[in-house]
Amino acid sequence: VRDAMMPWGNAFTLSQSVVLDEEMLADVLVSGCSRIPVWKGNPNTVCGVLVVKGLILVDPKERMPLSDVGLHAPIIVSETTPLLTLFAVFQSARSHLAIVLPSDEEAGVARRLVAEGSEWPPELKCSGVVSIQDVFEELVQEDLRYEESDLKAAQVLANDSSVRARLQRLQA
């Protein structure tokens, strides 16, 4: 997993305490992520995964706290988890994003703390995140660049003032 993951510091994550207003929803859209790790307290205390398509009915005028949105339980693995094992976990859990910790022991502790709803100790740090697409690309040794160009086009559209104006009219 270590070779396929995105380092934690480069990952787009959200605090459970954010408010889903127009600016935050725009940031989520511009991130290009379909799944976003959500943390509580400190950025290494992952409490769930936000599936972005679940925000489609959120009205930014209501300023709903992210804590009111249903999160999916995170899959937590270690850097040494074999890619085929993680791929099977993704399939069986019907999930597409995993949180990566340095060792099997730390991943086990993190899974227990998430199940209990407890905050993680400061020494327990996330290494990164890995998606099912990252795993697939690493397994087949092929970069799926066409999706990256689609993502860039979506980001340009999301930042376009006329597109934003149309979205606001639709929400009115």
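Residues numbered from 1 in each chain as written. Predicted model: local features only at pLDDT ≥ 70, side-chain atom pairs only at ≥ 80, totals over all residues. Heavy atoms only, no water.

Caption draft 1: Looking closely at the sheet that holds strand β7 (residues 75–78). The strand order across the open sheet formed by four strands is β1-β9-β8-β7, and the pairing between neighbours is mixed. The open sheet has two free edges, formed respectively by β1 (6–7) and β7, since each of these has just one partner strand. Pairing between strand β8 (residues 97–101) and strand β9 (residues 128–131): four bridges, direction antiparallel. If you follow Leu 97 over to β9, its bridge partner there is Ser 131. Here helix α2 (residues 83–93) sits on the sheet in contact with β7, β8 and β9, set at roughly 170 degrees to β7. Contacting β7 and β8, helix α3 (residues 104–116) runs over the sheet at an angle of about 165 degrees to β7. (Pairing = 2+ DSSP bridges. Helix = DSSP H or I, 4+ residues; strand = E, 2+ residues; numbered from the N terminus. Contact = heavy atoms within 4.5 Å. Axes fitted to C-alpha atoms, helices over the stretch in contact; angles between N-to-C directions.)

Caption draft 2: Region of the structure containing the sheet that holds strand β5 (residues 46–51). Spatially, three strands are ordered β2-β4-β5 in an open sheet, and the strand pairing comes out mixed. Across the chains shown, the open sheet's two edge strands, defined by having one partner strand only, are β2 (14–15) and β5.

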